[in-house]
Amino acid sequence: MVDKAASVKGDLRLSNLVKAFGDFHAVDDLSLVIPEGSFFALLGPSGCGKTTTLRMIAGLEEPTSGSIAIGNTDITYEKPYARPVNTVFQNYALFPHLTIFENVAFGLRRRGIKDVKDAVTKVLELVELGHLAQRKPGQLSGGQQQRIAVARAIVNRPALLLLDEPLGALDLKLRRQMQIELKWIQTEVGITFVHVTHDQEEAMTMADTIAVMNEGRIEQMGSPVELYESPRTVFVANFLGQSNLVKGKIEGSSGNDLQVSVHGNRITVPSGRNFAKENSDKSVLIGIRPEKISIEHSAGNTLGGGVITDISFVGVSTQFQIQMPWGQELSVFEQNDGGASHLQTGDTVQLSWKPEFTFALDGTADVDAGTSVNPDEE
Amino acid sequence: MRRWISKNLIKIYAFLAFVYLFIPIAYTMAFSFNDAGKSNLTWRGFTFKNWQNPCGAPEVCSALGNSLKIGFIATLIATILGTMIAFALGRHRFKGRSTVNLLIFLPMATPEIVLGASLLAMFLNLGINPGFWPTVIAHVMFCISFVVVTVKARIASLDPKLEEAAMDLYASEVETFRRVTFPLVMPGIFGAALLAFSLSFDDFIITNFNSGTLTTFPKFVYVSSARGIPAQANVIGSLMFLLALGIVLAGQLVSSRKNRV
């Protein structure tokens, strides 16, 4: 095997990538640039095309059209074994007939490297499993197999490491631990990680940049904070965390603010946070995250006349369901700092929040986009 | 007493089932030590004589030799061809795949007596005289189906992600097959070969039609049963049984060691 793969370096560039299965476009004209050395997450519900995208980058699937390049090298039609890309598979895909040592050494040996002992020993120490080198994969726990799968990939020092739902098979506690560990390994080895997941919390914890995918396209790309605080589509607003979205109509603007009438209330939205496209009837969806709303204090934007229909105590916060006069239920999360403890179901309250937390989305969009997908199904 | 029986009923049942299964084998083994005369039907005293000289009876070892030769050649060919068919059926989608899948079962379902007779008719029509090679060809024919079915089951249980992982780790198509696919399918191929050999070694009906004057071990035993089977046949039967048992036990030992450290 000629080792031309090792010299390829640089940003990963996907240009107008399309993968069609018959009439169905699993990936639909996808373009993005993933900077070298970053921890990038492709986040979306199952069937959104994220795994297909990953398989095209790995070479396991051929794009219908478009191109894939690392730095200046086009790898669109390269065989999987001829590209500097390694994958951590969903169920690890460790070779059951080989020892852990031979599993990790597999890639090095195929590239014709004779002396593999140092490299393998080092990477096994990195994942703290050096003592298991002579075991078979079947004798390892799920978490250990997961770490071996990572070791088997990064020992090759690829330009790009692909992780396909790498933590999906682990229980919650182990998943948290592996999230921190993977993040640490990425900083340690400095390889570009592309992580595919349907778990928004996992993506937010680990990635520098997240691309939210839906129906073969990228809905929005940005840092976790950007995506959470300023979602640009209803899908992102609902898929990442929870959002209250209320229909409104733009009345006018004053200075840098838009004035929006929401069921008779006047709501202020900073112009820079209006992500709605211009439309003739000036309708928008006003968005506000539940934890930004206060029931007790007045802070600029207010909606009155809500009735508490449900209170659930979840430790760090208390979650209220509040029915508004126009029938819609809104969520409010109050910190458990004593402020809201006297509230009871049936109380009439006023919701209020700072205008700068408000965002405005396309008024014609489906308010439930991104909510009906169950993030745990796979 | 009644309580004891109800408590141990399953054990008693299992014991009886094993007795039923093993009496014929025990009988064969015991009579390999019989100080037999012309026939080996009545117990006439214990001796090691037959075991010390298993080729003592006329023709018994040449018949065994023929059976082993036919068995090895037929197994080799049937295993290679059957494995290739199994890979084609298990890994590739092509027009007529389901038809082929069905046709593969036909030789297993056809009565041996019919197969044997038609094969003989076919060979004679082609001007080929019955003998060693026609027998090998016939054996390959009925062994292939069993090989295909056995190996295909193994291939189906193989995770295709493993091959993708190998390709992802710089192994070319050929290397992926050599390093991952083949080693993982190997136990299935080995099992198929054992099955093919025992089918071939054991076959009487088809062989009887197609072997002409060539004597195989089953044919020898059948023919000699008319005038008395020599005790050496029991020795060879027992040996084959012990050999098969040894292979199975060794296989179990190897696989259990593989899963432990």
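Residues numbered from 1 in each chain as written. Chains lettered and ligands numbered in written order. Predicted model: local features only at pLDDT ≥ 70, side-chain atom pairs only at ≥ 80, totals over all residues. Heavy atoms only, no water.

As a further point, take the sheet that holds strand S4 (residues 65-70) of chain A. All names here are of chain A. Reading across from one edge, S2-S1-S4-S5 is the order of the four strands in this open sheet, with antiparallel pairing throughout. In this open sheet, the two strands that pair with only one neighbour each are strand S2 (24-34) and strand S5 (73-74). Inspection of the sheet shows strand S1 (residues 12-21) paired to S4 by five bridges, in the antiparallel sense. The partner of Ser 15 across the bridge, within S4, is Ser 67. Contacting S1, S2 and S4, helix H1 (residues 50-58) runs over the sheet at an angle of about 115° to S1. (Pairing = 2+ DSSP bridges. Helix = DSSP H or I, 4+ residues; strand = E, 2+ residues; numbered from the N terminus. Contact = heavy atoms within 4.5 Å. Axes fitted to C-alpha atoms, helices over the stretch in contact; angles between N-to-C directions.)

Now for the packing of aromatic side chains. Residues and elements named next belong to chain B. For the coordinates displayed, the defined rule picks out 17 aromatic pairs over all chains. Between Phe 33 and Phe 46, the ring centres sit 5.2 Å apart and the planes meet at 15°, which makes this aromatic pair stacked. Taken together, the positions of Phe 33 in the loop between helix H2 (9-31) and helix H3 (49-52) and Phe 46 in the loop between H2 and H3 put the pair 13 residues apart, joining distant regions of the chain. Overall, the relative accessible area of 22% leaves Phe 33 in the partly exposed class. (Phe/Tyr/Trp six-rings, centres within 6.5 Å; stacked < 30°, edge-to-face > 60°. Buried < 20%, exposed > 50% of the residue type's maximum accessible area, 1.4 Å probe, protein only.)

Turning next to the layout of surface pockets. All names here are of chain B. By volume, the largest pocket is sized at about 840 Å³. Taken together, 29 residues form the lining of the largest pocket, with Phe 197, Ser 198, Phe 201, Met 240 and Ala 244 sitting closest to its centre. Of all the secondary structure elements, the ones that give two or more residues to the lining of the largest pocket are helix H4 (60-91), helix H9 (173-202), helix H11 (217-225) and helix H12 (231-258). Class assignment of the residues belonging to the lining of the largest pocket gives a composition of 21 nonpolar, seven polar and one charged. (1 Å grid on protein atoms, 1.4 Å probe; cavity = no way out; pocket = protein on both sides within 12 Å on 5 of 7 lines; lining within 4 Å. Points joined across faces, edges and corners; volume = space filled by probe spheres on them. Nonpolar A, V, L, I, M, F, W, Y, C, P; charged D, E, K, R; others polar.)

What follows is about the pattern of salt bridges. Tallied over the full model, the rule gives 16 salt bridges over all chains. The salt bridge involving Lys50(A) is made with Glu165(A); its shortest N-O contact spans 3.6 Å. Residue Lys50(A) is located in helix H1, and its partner Glu165(A) is located in the loop between strand S7 (160-164) and helix H5 (172-189); the two are separated by 115 residues in the primary sequence. The class for Glu165(A) is buried, based on a relative accessible area of 3%. Linked by salt bridges that have partners in common, Arg55(A), Glu61(A) and Glu164(B) make up one network. (Salt bridge = Lys/Arg side-chain N within 4 Å of Asp/Glu carboxyl O.)

Attention shifts here to helix H5 (residues 97-109) of chain B. Residues and elements named next belong to chain B. Between its terminal C-alpha atoms H5 stretches 19 Å, which fits the 18 Å expected from 13 residues at 1.5 Å a residue. Taken as a whole, H5 has its buried residues at Arg 97, Asn 101 and Ile 104. Seen end-on, H5 carries its buried residues on one side only, within an arc spanning 60°. Exposed residues pointing more than 90 degrees away from the buried face of H5 are listed as Ser 98, Leu 102 and Ala 109. (Expected span 1.5 Å × (residues − 1). Arc of directions from axis to C-beta.)

What follows is about the packing of H5(B) against helix H7 (residues 132-156) of chain B. A pair of packed helices is captured by two measures, namely the crossing angle of their axes and the spacing between those axes. All names here are of chain B. For the pair H5 and H7, interaxial distance at closest approach is 8 Å and the crossing angle is 130°. With respect to H7, the axis of H5 lies oblique. You can see that H5 and H7 cross each other, and the crossing is left-handed. Note on element contacts: H7 touches H5 through Met 141, Ser 145, Phe 146, Val 148, Val 149 and Lys 152, opposite Asn 101, Ile 104, Phe 105, Pro 107 and Met 108. Residue composition of the contact of H5 with H7, grouped by class: eight nonpolar, two polar and one charged. (Parallel < 35°, antiparallel > 145°, perpendicular 65-115°, else oblique. Left-handed = near helix turned anticlockwise from the far one by under 90°.)

What follows concerns the confidence of the model for chain B. Chain-level statistics for chain B give a pLDDT mean of 89 and a share of 98% at 70 or above. Across the predicted assembly, pTM comes out at 0.79 and ipTM at 0.82. (pLDDT = per-residue confidence, 0-100.)

With that settled, the discussion passes to the UniProt feature "domain: ABC transmembrane type-1" (unreviewed entry) in chain B. As recorded in UniProt, the sites labelled "domain: ABC transmembrane type-1" (unreviewed entry) are residues 64-251 of chain B. Within the segment residues 64-251 of chain B, helix and strand shares are 82% and 0% respectively, and the terminal C-alpha atoms sit 25 Å apart. (UniProt positions renumbered as here; feature names shortened; annotations may be inferred.)

Mapped onto the present numbering, the UniProt feature "transmembrane region" (unreviewed entry) falls at residues 12-33, 70-90, 102-126, 132-151, 180-201 and 235-254 of chain B. Helix makes up 100% of residues 70-90 of chain B and strand 0%, and the two end C-alpha atoms of the span are 29 Å apart.

Moving on: a nonpolar patch on the surface. Residue and element names in this part refer to chain B. Together, Met 1, Trp 4, Ile 5, Leu 9, Ile 12, Phe 15, Leu 16, Val 19 and Ile 23 line one region of the surface with nonpolar side chains, adding up to about 920 Å² of accessible area. If one sorts the elements of the nonpolar patch by residue count, H2 sits on top with six residues. Among the structural elements, Trp 4 can be located in helix H1 (residues 2-7). (Patch = residues over 30% accessible without salt bridge, like charges linked within 9 Å, V, L, I, M, F, W, Y side chains within 5 Å. Areas by Shrake-Rupley, 256 points an atom, 1.4 Å probe, with all protein chains shown as cover.)

The positions UniProt marks with the feature "domain: ABC transporter" (unreviewed entry) are residues 12-240 of chain A. The span residues 12-240 of chain A shows a helical share of 35% and a strand share of 27%, and its end C-alpha atoms are spaced 25 Å apart.

Time to look at the nonpolar core. Leu12(A) and Phe95(A) are the most contacted members of the largest nonpolar core, which has 67 residues in total. Sequence-distant contacts of Phe95(A), defined by excluding residues within four places in its chain, comprise Asn103(A), Phe106(A), Pro137(A), Arg152(A), Leu162(B), Ala165(B), Ala166(B), Leu169(B) and Val180(B). Membership of the second largest hydrophobic core comes to 47 residues, among which are Leu129(A), Ala133(A), Ala153(A) and Val212(A). (Core = buried A, V, L, I, M, F, W, Y, C linked by side-chain atoms within 4.5 Å.)

All right, on to the sheet that holds strand S19 (residues 359-362) of chain A then. All names here are of chain A. Across the sheet, five strands lie side by side as S13-S12-S11-S14-S19; this open sheet has antiparallel pairing. Lying at the two open borders of the sheet, with one neighbouring strand each, are strand S13 (265-270) and S19. Between one strand axis and the next, the sheet turns through 45° on average, direction left out of account. Pairing of strand S11 (residues 244-254) with strand S12 (residues 257-262), which is carried by five bridges, proceeds in the antiparallel orientation. When the bridges of S12 are listed, Ser 254 appears paired with Asp 257.

Residues and elements named next belong to chain B. With their axes 8 Å apart at the nearest point, H7 and H9 run at an angle of 155° to one another. Judged by the inter-axis angle, H7 sits roughly antiparallel to H9. Of the two possible hands of crossing, H7 and H9 adopt the one that is right-handed. Between H7 and H9, the contacting residues are His 139, Phe 142, Cys 143, Phe 146, Val 147, Thr 150, Val 151, Arg 154 and Ile 155 on the first element and Leu 184, Val 185, Pro 187, Gly 188, Ile 189, Ala 192, Leu 195, Ala 196, Leu 199 and Ser 200 on the second. Counted by class, the contact of H7 with H9 contains 14 nonpolar, four polar and one charged residues.

Regular strands show a simple pattern: their side chains alternate between the two faces of the sheet. Residue and element names in this part refer to chain A. Taken across its six residues, strand S14 (residues 283-288) has six buried, putting it largely inside the fold. On S14, burial covers both faces: Ser 283, Leu 285 and Gly 287 on one face and Val 284, Ile 286 and Ile 288 on the other are all buried. Examined bridge by bridge, S11 and S14 share six bridges and lie antiparallel to one another. Paired with Lys 247 across the two strands is Leu 285, which belongs to S14. By the bridge criterion, four bridges tie S14 to S19 in an arrangement that is antiparallel. Note that in S19 the partner of Ile 286 across the bridge is Ala 360.

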